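Remarks on the overall topology
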Amino acid sequence: MFSGIQPTGDFHLGNLLGAVDNWVPLQDTHDAYYCVVDLHAATVPWDPAALRREVLSMTALLIACGLDPERSILFVQSHVPYHSELCWILTCIARMGELRRMVQFKEKSKGESESVGVGLLTYPALQAADVLLYRAHGVPIGEDQRQHIELMRTLAGRFNQTFGPAFVVPEPWIREEGARIRALDNPDEKMSKSTPRPASKILLTDSPTIIAKKIRSAVTDSGREVRAAGDKPAITNLLTIFSLVTKTPIPELEERYEGTGYAAFKVALADAVVDALAPIQKRYEELVSDRGEIERTLADGASRAEAEAGATMADVRAKTGLGPPA
Ligand code: AQP
């Protein structure tokens, strides 16, 4: 299995509950590849020195969340050049209409499609290359990535049909709860790294005071009942977060906070989130100060990933007539 996360922007509770929390147990049951996708961060303008810092910091956070470089392969996308090579081949077999239809392209280009960088249009082909290089069967992700997995399935199928079977056609692995954690200040939106509003998200590095403040000011629904329901998107979102961080079923929480009103519920939720993040934050602080160790971990991850990706690319080159003759 394969999954990735961008190094830029704020690592938030949605990333943890929708993706990374799922990644941890899969290390024991699967050949797991986890990638810090820095080439994806280049789809918008970037600062080179800041990007290197963010890659190290994201790696430290992932290890603090439970990724173990002994039990999985943790690496940086640009350290394995095969990602860019396969991306080009997949870009050439992708159709313009397929890429233009991507919801994330439409949202991010916001009608300015003539002036945004081309990478914003073509990065789903890079994402397809990321997964297909490792012949991954499953991609554990949040709901927002479903359409991209559909595209990678199409590209894998098209390549296999045109040139002969080189790729596994991967499945999205999306957990039921937590697949779409919503913005605290607007439950119609997902919690997102690129949203500039601090009140919309809880960061993994937020202090207890900030966490309490953000949860206290989270929007709620009309009424005062702590209940998950279609017409209560804000409280359902908070209950989902509570349930996932404490591993308590939602009905049990509904019963516990019946009649207490939103204020008491929010205080308890803030405490639960602070408790869940405290060990991650402690471990992160220890890890992030040892830059040399993180760099050694990533170098080892890249060389293990490169061996697998290289075998796939040898097959792809042979099938497509590209690369030096064998
Ligand atoms: N709100 C969310 N709920 C559940 N899962 C989520 N993911 C992201 N947001 C939520 C999952 O986290 C993984 C890493 O995603 P990312 O690095 O693309 O982060 P992001 O927050 O999605 O970043 P952006 O800037 O907002 O990018 P776009 O707009 O491209 O999504 C993925 O598995 C993702 O599903």
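This one's a predicted model, so the numbers in the text were calculated from it and none came from an experiment.

**Description of the domain arrangement of the chain**
Taken domain by domain, the chain consists of domain 1 (2-179 + 291-320) and domain 2 (205-286). The straight-line distance from the C-alpha centre of domain 1 to that of domain 2 is 30 Å. Taken together, the twelve residues of domain 1 in the interface contact eleven residues of domain 2. Summed over the three residues of domain 1 that lose the most area to domain 2, namely L13, A64 and E177, the buried surface amounts to 44% of that side.

**Considerations on the packing of aromatic side chains**
Under the counting rule described, the total for this entry stands at nine aromatic pairs. Judged by centre distance (5.7 Å) and plane angle (40°), the ring pair of F242 and F265 falls under tilted. Remark: F265 occurs in helix α12 (residues 261-288) and F242 occurs in helix α10 (residues 233-246); sequence separation between them is 23 residues. Exposure class is identical for F242 and F265. Each is buried. Taken together, F2, Y33, F75 and Y134 form an aromatic cluster joined through their ring pairs.

**What to know about the site of the ligand**
Neighbouring the ligand are 24 residues; Q104, D144, K190, S192 and K193 lie closest to it. The side chain of K108 places a nitrogen or oxygen atom 2.9 Å from an oxygen atom of the ligand. Here a nitrogen atom of the ligand sits 2.8 Å away from a polar atom, N or O, in the main chain of I181. Relative to its unbound accessible surface of 650 Å², the ligand loses 95% to contact with the protein. Secondary structure elements with two or more residues in the shell around the ligand: β1 (2-5), α1 (13-26) and α6 (103-109). For the shell around the ligand, the element with the highest residue contribution is α1, accounting for four residues.

**Focus: the pattern of salt bridges**
Oppositely charged side chains may form a pair once their charged atoms are brought near each other. Per the stated rule, a full pass over the model turns up 20 salt bridges. The partner of R135 in a salt bridge is D315, with the nearest N and O atoms 3.7 Å apart. Of this pair, R135 sits in the loop between α7 (119-132) and β4 (138-140) while D315 sits in helix α13 (residues 291-320), and the two are 180 residues apart along the sequence. Two residues, R296 and E293, come together in a salt bridge whose shortest N-O distance is 3.2 Å.

The rules behind the values
- Residues numbered from 1 in each chain as written.
- Predicted model: local features only at pLDDT ≥ 70, side-chain atom pairs only at ≥ 80, totals over all residues.
- Heavy atoms only, no water.
- Domains from an automatic or database assignment.
- Contact = heavy atoms within 4.5 Å.
- Buried area = accessible area lost by both parts, 1.4 Å probe.
- Phe/Tyr/Trp six-rings, centres within 6.5 Å; stacked < 30°, edge-to-face > 60°.
- Helix = DSSP H or I, 4+ residues; strand = E, 2+ residues; numbered from the N terminus.
- Buried < 20%, exposed > 50% of the residue type's maximum accessible area, 1.4 Å probe, protein only.
- Near = heavy atom within 4 Å.
- Polar contact = N/O pair within 3.5 Å; in protein donor to acceptor, adjacent residues only side chain to side chain.
- Areas by Shrake-Rupley, 256 points an atom, 1.4 Å probe, with all protein chains shown as cover.
- Salt bridge = Lys/Arg side-chain N within 4 Å of Asp/Glu carboxyl O.

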